[in-house]
Amino acid sequence: ELKVEQNPLFLSMQEGKNYTIYCNYSTTSDRLYWYRQDPGKSLESLFVLLSNGAVKQEGRLMASLDTKARLSTLHITAAVHDLSATYFCASPSNFGNEKLTFGTGTRLTIIP
Amino acid sequence: KAGVTQTPRYLIKTRGQQVTLSCSPISGHRSVSWYQQTPGQGLQFLFEYFSETQRNKGNFPGRFSGRQFSNSRSEMNVSTLELGDSALYLCASSLVAGPPYEQYFGPGTRLTVT
């Protein structure tokens, strides 16, 4: 059974600090997705990582993928309050199909 | 380009009833996937449709079913509702044909079963 594990589950950070969310998965897929969800809202796509070594950055967020280690990271730089949300990573079960298995999510709270 | 739309957005039903949820994908997208989100189980895959055919199915009982129409719009149906079916139901559409293989999520339908 495919497993996608995220840690930490909860993260409380001060503004201006850096931190990393980790996502371990058990498939052999070379794709990994990161999503953001605000309370009561749907999922917003943040990053699509398509190959080993892929690195993508958007503002204060940077995601990377190591398919050999089956590990993806989401790094937050100089956190600001509006980054408070729940972040999910997701892995496809097999290359080419659209069934995603999601991690448990990391609830991030940025404290002023 | 219009995003994924889902109707209704909110629904309250009674145990034992059935419910139908609708999803219209982004224009040109032929794959529609459905997910259930609950506080206890998180986000779980229900099923995926492509060209009116169910290609993948998650581990849900037969009370959960779906279909896709020729215009790629999809519906999911839950019969004999149980309290545990209360959840946010999300649908996602994707092109499938090539990179970035991204799934775009709709706003969701929040179902409450009383």
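Here we summarise the structure given alongside this text. (Residues numbered from 1 in each chain as written. Chains lettered and ligands numbered in written order. Predicted model: local features only at pLDDT ≥ 70, side-chain atom pairs only at ≥ 80, totals over all residues. Heavy atoms only, no water.)

**Brief notes about the overall build of chain B**
Next up, step 1: What chain B contains, in helices and strands, is 0 helices and 11 strands.
Next up, step 2: Seen through its C-alpha atoms, chain B measures out along the principal axes to roughly 40 × 25 × 25 Å.
Next up, step 3: When burial is assessed residue by residue, chain B has 51% of its 114 residues classed as buried.
Next up, step 4: Long-range contacts, defined as pairs at least 24 residues apart, comprise 54% of the intrachain contacts of chain B with a sequence gap of at least 6.
Next up, step 5: Within the structure as shown, chain B displays about 5400 Å² of accessible surface, and the carbon and sulfur contribution to it stands at 49%. (Helix = DSSP H or I, 4+ residues; strand = E, 2+ residues; numbered from the N terminus. Buried < 20%, exposed > 50% of the residue type's maximum accessible area, 1.4 Å probe, protein only. Contact = heavy atoms within 4.5 Å. Areas by Shrake-Rupley, 256 points an atom, 1.4 Å probe, with all protein chains shown as cover.)

**Considering the pairing of strand S8 (residues 74-78) of chain B**
Residue and element names in this part refer to chain B.
Next up, step 1: The element S8 is largely enclosed, with a buried count of 5 among its 5 residues.
Next up, step 2: Residue alternation in S8 divides its side chains into two sets, Ser74, Met76 and Val78 and Glu75 and Asn77, and both sets are buried.
Next up, step 3: Bridge count between strand S3 (residues 19-24) and S8: 5 bridges; the pairing is antiparallel. If you follow valine 19 over to S8, its bridge partner there is valine 78.
Next up, step 4: What sits between the antiparallel neighbours strand S7 (residues 64-68) and S8 is a turn of 5 residues, in which serine 72 has the positive phi angle 80°. (Pairing = 2+ DSSP bridges.)

**Some points on the pattern of salt bridges**
Residues and elements named next belong to chain B.
Next up, step 1: Under the criterion given, the structure shown has 6 salt bridges over all chains.
Next up, step 2: Between arginine 63 and glutamate 82 there is a salt bridge, with the nearest N and O atoms lying 3.6 Å from each other. Placement of arginine 63 in the loop between strand S6 (53-57) and S7 and of glutamate 82 in the loop between S8 and strand S9 (87-94) is noted, with a sequence separation of 19 residues between them.
Next up, step 3: Using a relative accessible area of 42% as the deciding quantity, one classes glutamate 82 as partly exposed. (Salt bridge = Lys/Arg side-chain N within 4 Å of Asp/Glu carboxyl O.)

**Overview of unusual backbone geometry**
One can expect most non-glycine residues to show negative phi and most peptide bonds to be in trans.
Next up, step 1: For the peptide bond that leads from Asn7(A) to Pro8(A), omega is 0°, which places it in the cis range.
Next up, step 2: Here Pro8(A) shows up in the loop between strand S1 (4-7) and strand S2 (10-14).
Next up, step 3: For the bond from Thr7(B) to Pro8(B), the omega torsion is -10°, close enough to zero to count as cis.
Next up, step 4: In this structure, Pro8(B) sits in the loop between strand S1 (5-7) and strand S2 (10-13).
Next up, step 5: Here the phi dihedral of Arg70(A) falls at roughly 55°; this positive angle occurs in a residue that is not glycine.
Next up, step 6: Tracing the backbone shows Arg70(A) in the loop between strand S7 (61-66) and strand S8 (71-76).
Next up, step 7: Unlike most non-glycine residues, Ser51(B) shows phi in positive territory, near 50°.

**Remarks on the interface of chain A and chain B**
Next up, step 1: Listed as interface residues are 19 residues of chain A and, on the opposing side, 23 residues of chain B.
Next up, step 2: Between chain A and chain B the total buried area reaches about 1700 Å² when both faces are included, carbon and sulfur atoms providing 57% of it.
Next up, step 3: It is Ser42(A), Glu98(A) and Lys99(A) in chain A that bury the most area against chain B; as a group they hold 34% of the surface buried on that side.
Next up, step 4: Where chain A packs against chain B, one counts 0 salt bridges.
Next up, step 5: Viewed at the interface, chain B and chain A are joined by 5 residue pairs in polar contact (both at pLDDT 80 or more).
Next up, step 6: Counting only elements with at least two residues in the side of chain A that touches chain B, the list comes to strand S4 (32-37), strand S5 (43-49) and strand S10 (100-102) of chain A.
Next up, step 7: Its residues assigned to classes, the side of chain A that touches chain B shows 9 nonpolar, 6 polar and 4 charged. (Buried area = accessible area lost by both parts, 1.4 Å probe. Polar contact = N/O pair within 3.5 Å; in protein donor to acceptor, adjacent residues only side chain to side chain. Nonpolar A, V, L, I, M, F, W, Y, C, P; charged D, E, K, R; others polar.)

So far we have only geometry, and geometry alone does not tell us how the molecule works.
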